[in-house]
Amino acid sequence: RDFTIESINLPATNQYNRGVAVGGTKDFTFNGGVASRVGQGWDFTGDQNSSRFVVIGAQAIDVYSWGFKAANTVTDGSYIGCRTLRAGLGGFVANAPAEIVSNPQSEYTQNIDYLNCTAKDTGFSGNWTGTLASFVCLRNDTTYPLYPQGIKFINCKSDGGGDVKHGFLNEILTNTDG
């Protein structure tokens, strides 16, 4: 509760470090917390299926790439009242596996809710070009064109600034919930 993870004396240019990294954990809650001046703020990823989680009121500030990332095999989670400020690439992302995984489809990224979340000044660093988005459903590989699925952005806000190109972006090749 109410912790801060920050890279001291480093600018947000190290893409390889993480503020909070979760892989394979189930049935958990984060209540508050700040990840600042790191590569990725809150990184829930990997092939171990992190699932059934809630993140409430957390923040990612001055991060090199993603503020909050649910990637590869993350399922059944909620981000509530979370906030990014000056995320370099994107505020909130849900994405399909970046490479071929042996997990069952029920473990591919799906059923993630973002409720009352805010992304402000996305793309501030100038380190990224192309598609910069505050909230994004990202298809990483043509192997998984239908994932992520069941992604919902409810009452979320993209607050301009930075070099953000899209407030909300869906790259999935089929009809989705988000």
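Everything numeric here is computed off the predicted structure, so don't read it as measured data. (Residues numbered from 1 in each chain as written. Predicted model: local features only at pLDDT ≥ 70, side-chain atom pairs only at ≥ 80, totals over all residues. Heavy atoms only, no water.)

1. Some words on the environment of K69
Relative to the helices and strands, K69 is located in strand β8 (residues 66–71). Placed 21 residues apart in sequence, K69 and G90 show a C-alpha to C-alpha distance of 9.1 Å. For K69, the residues in contact, after removing those within four places along its chain, are R18, Q40, W42, D43, F44, T45, Y79, V93 and N95. Among the polar contacts made by the side chain of K69, one reaches the side chain of D43 at a distance of 3.3 Å. (Helix = DSSP H or I, 4+ residues; strand = E, 2+ residues; numbered from the N terminus. Contact = heavy atoms within 4.5 Å. Polar contact = N/O pair within 3.5 Å; in protein donor to acceptor, adjacent residues only side chain to side chain.)

2. Points about the sheet that holds strand β12 (residues 110–115)
With respect to topology, five strands assemble into an open sheet ordered β3-β6-β9-β12-β15, the strand pairing being parallel. Of all strands in the sheet, those with a lone pairing partner are β3 (26–31) and β15 (149–154), marking the two edges. Strand-to-strand, the axes of this sheet are offset by a mean angle of 5 degrees, without reference to chain direction. Where strand β9 (residues 75–80) and β12 come together, five bridges link them in parallel fashion. What sits directly across from T75, in β12, is Q110. (Pairing = 2+ DSSP bridges. Axes fitted to C-alpha atoms, helices over the stretch in contact; angles between N-to-C directions.)

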